[in-house]
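Close look at the chain arrangement
Residue-level listing of the chains:
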Amino acid sequence: NKVAHKCSYMYRGTLFSGVLYLTTYKMLFRPDDLNFFTITSLPRLYFSLPLGLVYKIYPKKDAPRFWTMRIKGKDCRCIKLYFPCVDQSQGFINYVNNYVSLSVKTPFAVAHYQGMKEDTPEDSGWNLYNLRKEYERIGFKLGEDSEWRISNFNDNYEVSKTYPKALVVPTAISDSVL
């Protein structure tokens with residue numbers, strides 16, 4: 001889901017034409033003319049801003065032929081973009097507002113939860129962990145004639161609230177000793 005808008009970016013008093021790409025998680029500006037001056041200044045002219053860092057957008061009709069968008073970032077960046085027509089600037093604002101939470105009422109996760117819920121299976125990975133398989137994977141040999149066993153001495157977290165319910169312990173140590 002990527003959208004491209006033709007716009008200009010103001011850098012040190014000079015306007016650079018380019019394309020602003022918007023994805024569901026970031027905006028990226030790429031200048032059109034990659035001549036020598038642009039290539040030497042590329043890190044400053046080419047910017048990428050995660051949408052989660054957008055603090056505020058200030059739309060304004062700056063001149064008869066431009067619509068200005070000042071984007072204030074949570075990382076103290078201030079980006080000034082110029083769009084050639086009101087339709088493109090409004091499209092930009094609508095797109096960003098769909099993916100940016102500029103209010104506490106609609107955080108990003110809430111806006112995208114329903115779509116994820118439909119695509120996620122019932123268990124969604126919570127039942128994939130198997131303690132026995134995990135310890136065998138890292139080299140513990142578990143079984144009746146093994147030196148190691150799984151102890152459930154902390155099953156209700158009564159012994160220690162910070163220890164897991166089950167631990168692998170030497171077979172020689174009983175649960176009463178633990």
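Structure first, text after, so check above.
Report follows, based on the coordinates. All values reported here derive from a predicted model rather than from experimental measurement.

Helix and strand counts for the protein come out as five helices and nine strands. Looking at the protein as a whole, 29% of its 178 residues qualify as buried. A separation threshold of at least 6 residues defines the contact pool for the protein, and within that pool the share at least 24 residues apart is 32%. About 12,500 Å² of surface is accessible on the protein, with carbon and sulfur atoms providing 55% of the total.

Taken together, the side chains of Ile-173, Val-177 and Leu-178 define a hydrophobic patch exposed on the protein surface, amounting to about 250 Å² of accessible area. Structurally, the position occupied by Val-177 is in the segment after strand S9 (167-170). Overall, Val-177 belongs to the exposed group, its relative accessible area being 63%.

Before going further, it helps to spend a moment on the pairing of strand S6 (residues 66-73). Relative to strand S7 (residues 78-83), S6 runs antiparallel, the two being bridged by six bridges. Of the residues in S7, the one forming a bridge with Ile-71 is Ile-79. Following S6, the chain reverses through four residues before pairing antiparallel with S7; Cys-76 in that reversal takes a positive phi of roughly 70°.

One can find Ser-146 in the loop between helix H5 (131-137) and strand S8 (148-151). Residues Ser-146 and Pro-170, 24 residues apart in the sequence, show an inter-C-alpha distance of 8.9 Å. In this structure, Ser-146 is in contact with Lys-141 and Thr-171, ignoring residues within four places of it in sequence. Reaching out from Ser-146, the side chain makes a polar contact with the backbone nitrogen of Trp-148 at a distance of 3.1 Å.

Secondary-structure assignment places Gly-18 in strand S2 (residues 14-22). The exposure class assigned to Gly-18 is buried, which follows from its relative accessible area of 0%. Sequence-distant contacts of Gly-18, defined by excluding residues within four places in its chain, comprise His-5, Lys-6, Cys-7, Phe-29, Arg-30, Pro-31 and Asp-32.

Ring pairs (aromatic) are described by centroid distance and by the angle formed between their planes. Counted according to the given criterion, the structure contains four aromatic pairs. A centroid spacing of 5.3 Å and a plane angle of 50° characterise the contact between Tyr-9 and Phe-29, whose relative ring orientation is tilted. Here the residue Tyr-9 occupies a position in strand S1 (residues 3-11), and Phe-29 occupies one in strand S3 (residues 26-31), the gap between them amounting to 20 residues. Relative accessible area serves as the criterion here: at 9%, Tyr-9 is assigned to the buried category. Judged by relative accessible area, Phe-29 falls into the buried class, the value being 0%.

In terms of nonpolar packing, the biggest core is built from 23 residues, with Leu-20, Met-27, Phe-47, Ile-71, Leu-81 and Phe-92 touching the most fellow members. Contributing elements (two or more residues each) for this core: S1, S2, S3, strand S4 (47-50), strand S5 (54-63), S6, S7 and helix H3 (86-99). Among the elements that take part in this core, H3 stands out by supplying five residues, more than any other. Tyr-135, Leu-142, Ala-166 and Val-168 belong to the second-largest nonpolar core, a separate cluster that totals five residues.

Criteria and cut-off values
What you see as residue numbers is a count from 1 along each chain, following the sequence as written. With the structure being a predicted model, the display of local features is reserved for residues of pLDDT at least 70 and the display and counting of side-chain atom pairs for 80 or more, all residues being used for whole-chain, interface and lining totals. The side-chain figures draw on all heavy atoms in the structure; neither hydrogens nor water molecules are used. A run of H or I in DSSP becomes a helix once it reaches four residues, and a run of E becomes a strand once it reaches two; helices and strands are each numbered from the N terminus. Each residue is assigned to one of three classes by its accessible area relative to the maximum for its type, calculated with a 1.4 Å probe on protein chains only: buried under 20%, partly exposed between the two thresholds, exposed over 50%. Any two residues whose heavy atoms approach within 4.5 Å at even a single point are treated as in contact. Residue-level accessible areas treat just the shown protein chains as cover; the underlying method is Shrake-Rupley with a 1.4 Å probe. A patch consists of residues whose relative accessible area exceeds 30% and which take part in no salt bridge; residues with like charges are grouped when within 9 Å of each other, and nonpolar side chains (Val, Leu, Ile, Met, Phe, Trp, Tyr) when within 5 Å. Basic side-chain nitrogens of Lys or Arg form a salt bridge, by our definition, when they fall within 4 Å of a carboxyl oxygen of Asp or Glu. By the convention used here, strands pair only if DSSP detects at least 2 bridges between them. Polar contacts here mean pairs of N or O atoms no more than 3.5 Å apart (in protein, one a potential hydrogen donor and the other a potential acceptor; neighbouring residues in sequence count only if both atoms are side-chain atoms). Stacked, tilted and edge-to-face are the three classes assigned to paired rings of Phe, Tyr and Trp, where Trp is represented by its six-membered ring and a pair needs centres within 6.5 Å; plane angles under 30 degrees give stacked, over 60 edge-to-face, the rest tilted. Definition of nonpolar core: a set of buried residues of the types Ala, Val, Leu, Ile, Met, Phe, Trp, Tyr and Cys, connected through side-chain atoms within 4.5 Å.

Note that every value here comes from positions in space, so none of it alone points to a role or purpose.
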